[in-house]
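Structural overview
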Amino acid sequence: MAKARNKTKPTAISPEVFLGSIEHRQRREDGLVLLKFFGRVTGMVPKMWGPTIVGFGRYYVTVQV
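Here's what I pulled together on the structure shown here.

Here is what the cut-offs are and how they apply
- Residues numbered from 1 in each chain as written.
- Predicted model: local features only at pLDDT ≥ 70, side-chain atom pairs only at ≥ 80, totals over all residues.
- Heavy atoms only, no water.
- Patch = residues over 30% accessible without salt bridge, like charges linked within 9 Å, V, L, I, M, F, W, Y side chains within 5 Å.
- Areas by Shrake-Rupley, 256 points an atom, 1.4 Å probe, with all protein chains shown as cover.
- Salt bridge = Lys/Arg side-chain N within 4 Å of Asp/Glu carboxyl O.
- Buried < 20%, exposed > 50% of the residue type's maximum accessible area, 1.4 Å probe, protein only.
- Helix = DSSP H or I, 4+ residues; strand = E, 2+ residues; numbered from the N terminus.
- Core = buried A, V, L, I, M, F, W, Y, C linked by side-chain atoms within 4.5 Å.
- Contact = heavy atoms within 4.5 Å.
- Lys, Arg positive; Asp, Glu negative; His and termini not counted.
- Charge placed at Lys NZ, Arg CZ, Asp CG, Glu CD.

**So, a nonpolar patch on the surface**
Nonpolar side chains collect at one region of the surface, where Leu34, Phe37, Phe38 and Val41 lie side by side and expose about 360 Å² of accessible area between them. Taking relative accessible area as the criterion, Phe37 reaches 38% and is therefore assigned partly exposed.

Structure (structure tokens):
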């Protein structure tokens, strides 16, 4: 059986640029605070996955059927 491929892929867009582009002031500020918090807690560098997902690290899950 062939392995499924991820539809969502990492992009070159910076999470800071993405969050800075959010028009709603409170959501933008909250996003930037969470970006710093999650970076500190995980110790990982944030990366954009697709146009709107900020991720920290990579995880592989094996599913047995």
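**Describing the environment of Val61**
Counting through the fold element by element, Val61 comes out in the segment after β2 (53–56). Along the backbone, Val61 and Val33 are 28 residues apart, and their C-alpha atoms lie at a distance of 29 Å.

**Quick notes on the nonpolar core**
Counting residues in hydrophobic clusters, the biggest one holds five residues: Phe18, Leu19, Leu35, Met48 and Phe56. Beyond its immediate sequence surroundings of up to four residues, Leu35 is in contact with Pro15, Glu16, Leu19, Pro46, Val54 and Phe56.

**Looking at the pattern of salt bridges**
A full pass over the atoms with the stated rule returns one salt bridge. With a shortest N-O distance of 3.1 Å, Glu29 and Arg25 are connected by a salt bridge. Here Arg25 and Glu29 lie together in helix α2 (residues 25–42), a separation of four residues that amounts to about one turn. Owing to a relative accessible area of 35%, Glu29 belongs among the partly exposed residues under this scheme.

**Some points on the environment of Lys47**
With respect to the helices and strands, the residue Lys47 is situated in strand β1 (residues 46–49). When the C-alpha positions of Lys47 and Gln64 are compared, they lie 29 Å apart, and in sequence the two are 17 residues distant. Excluding its chain neighbours within four sequence positions, the residues that come into contact with Lys47 are Pro10, Thr11, Pro15, Ile53, Val54 and Gly55.

**Comments concerning a positive patch on the surface**
Where like charges cluster on the molecular surface, the positive patch consists of Arg5, Lys9, Lys47 and Arg58. A relative accessible area of 40% means that Lys47 is categorised as partly exposed.

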